[in-house]
Structures are given as structure tokens and as C-alpha cells.
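These are the residues of each chain, in order.
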Amino acid sequence: MFKISAKVLIVPGILLLIAGGTSFALSNFSDGAKTDYENAVLATAGDVHAGRVLFNANCSACHGTEANGWIGPNLHSVKARKSDVAIIRQIDSGLTPPMPKFELNERQMADILSYLKSI
Ligand code: HEC
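Note that the coordinates shown come from a computational prediction; the quantities given were computed from them, not determined experimentally.

Trainee: Account for the packing of aromatic side chains, with residues named and values stated.
Mentor: One pass over the full model with this rule turns up one aromatic pair. Each ring, one from Phe 55 and one from Tyr 115, has its centre 5.1 Å from the other, and the planes form 50°; the classification is tilted. A residue pair is termed long-range when its members are at least 10 positions apart, and Phe 55 in helix α3 (residues 48-58) and Tyr 115 in helix α7 (residues 106-118) qualify at 60 residues. Residue Phe 55 is classed as buried on the basis of its relative accessible area, which comes to 1%. Residue Tyr 115 is classed as buried on the basis of its relative accessible area, which comes to 2%.

Laid out in C-alpha cells, this is it:
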């Protein structure tokens, strides 16, 4: 009797955990409506090497030459925390001072995105 009632509790518990994890992942990566600029960046195949060059010129003063973090956070595995669109918005919004607003064209943004996803 006891075994059966334990299972009855454990199975829905596991299902709830899975459901909770899924909804967290979804809310974490829900981007809302994308702008034309964001869609254009996502449609562009970025170049990792060009992205690294741009990163060293524009970002490494704060994030470190190897993106290991300094004034700004370590960007390794940022792709696990933020969606592509959230990364684009982080870079072009200027909403998180002291990080400035960067006005990159679609190709430059796609290149930086490729670099950040490669590390
Ligand atoms: C003046 C310093 C500075 C410069 C230059 C800078 N950043 Fe940042 N960056 C920051 C700081 C500080 C944060 C943390 C902001 C926060 O979330 O409060 C940050 C956050 C980020 C994040 C989000 C990190 C995370 O863990 O969610 C990304 C991605 C990022 N920066 C990319 C870039 C890129 C790409 C460039 C160059 C185009 C750049 N940054 C240039 C200071 C800087």
C-alpha cells in the first residue's frame, strides 16, 4: 500500500518539475516581436573571425580580450543564458550602463553574434 501511494506522489512531482523547467526555459527565451533589424541580423550568416576582430576593437576593454570578463561579465556560455535576440538587444540598446549603445550594421552584428556563440 505504501509503495503505491509513494509512486502516486512521485510521478506527478516529476511531471511538475519537468513542466516548471520547460516554462522557465520558454520565458527565459521569449523575445516578443522582433524588429526588421533583428530579423535581418538573424538571417545573416556571421563570420566568427570577423566577429572576434570587432569584439577586440569594441568590447574587449570591458569584457577582456578572451571575453573572460573584467568590468563587464565573462561572456563564455552567454548563449546558454540569453537568446540571440536578447544578445542583440543587449548590444544595441544601451540600457545597461556602463555598456554603451553600439550601432552596428546587420553584418557586423551577425559577426559578433557568431563569435559570442563560438566561445
Ligand atoms: C564600457 C564597458 C563595456 C563595453 C565597451 C561593452 N560592454 Fe558588454 N557589458 C558591460 C557590462 C557592465 C555588462 C553587464 C550589464 C548588466 O547586465 O547590468 C555587459 C553585459 C554584456 C552582455 C550580457 C552578458 C550576460 O551575461 O547576460 C553581453 C552579451 C555583452 N555585454 C556584449 C558586449 C559586446 C558584444 C560588446 C562590444 C560590441 C560590449 N559588450 C561592450 C560592459 C561593457
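After presenting the structure, the write-up continues.
Trainee: Describe the nonpolar core, with residues and values.
Mentor: Of all hydrophobic cores here, the largest spans 20 residues; its most connected members are Phe 55, Ile 91, Ile 112 and Leu 116. Those elements that provide at least two residues to this core are α3, α6 (84-93) and α7. If we ignore the near neighbours within four places in the chain, the residues touching Ile 112 are Gly 51, Leu 54, Phe 55, Cys 59, Ile 91 and Leu 104.

Trainee: Explain the site of the ligand residue by residue, including any values.
Mentor: Around the ligand lies a shell of 19 residues, among which Cys 59, Cys 62, His 63, Lys 82 and Met 99 are the nearest. In this structure, an oxygen atom belonging to the ligand sits 2.7 Å away from a side-chain N or O atom of Lys 82. In this structure the site holding the ligand corresponds to the largest pocket.

Parameters at a glance
Residue numbers here run from 1 along each chain, matching the order of that chain's written sequence. A pLDDT threshold of at least 70 governs which residues receive local features in this predicted model, and a stricter bar of 80 or more applies before side-chain atom pairs are shown or counted, although totals over entire chains, interfaces and linings include all residues. Side-chain metrics rest on all non-hydrogen atoms present in the structure, leaving aside hydrogens and water. We call Phe, Tyr and Trp rings a pair once their centres come within 6.5 Å, taking the six-membered ring for Trp, and we label the pair stacked below 30 degrees between planes, edge-to-face above 60, and tilted otherwise. Think of it this way: any DSSP run of H or I at least four residues long counts as a helix, any run of E at least two long counts as a strand, and we number them from the N terminus. Exposure categories follow from relative accessible area, calculated using a 1.4 Å probe and restricted to protein chains: below 20% of the type maximum is buried, above 50% is exposed, and the middle band is partly exposed. Definition of nonpolar core: a set of buried residues of the types Ala, Val, Leu, Ile, Met, Phe, Trp, Tyr and Cys, connected through side-chain atoms within 4.5 Å. Between two residues, a contact is recorded if the distance between any of their heavy atoms is within 4.5 Å. Near is defined per residue: the residue qualifies when any heavy atom it owns lies within 4 Å of the molecule or strand. Counting of polar contacts relies on pairs of N or O atoms within 3.5 Å, with two restrictions inside protein: one atom must be capable of donating a hydrogen and the other of accepting it, and residues adjacent in sequence are counted only when both atoms are side-chain atoms. The way it works is a 1 Å grid over only the protein atoms, where trapped points that fit a 1.4 Å probe form a cavity and open points with protein on both sides within 12 Å along at least five of seven lines form a pocket, and then any residue with an atom within 4 Å of a point lines it. For a molecule to be placed in a cavity or pocket, more than half of its atoms must lie within 2 Å of the grid points of that cavity or pocket.

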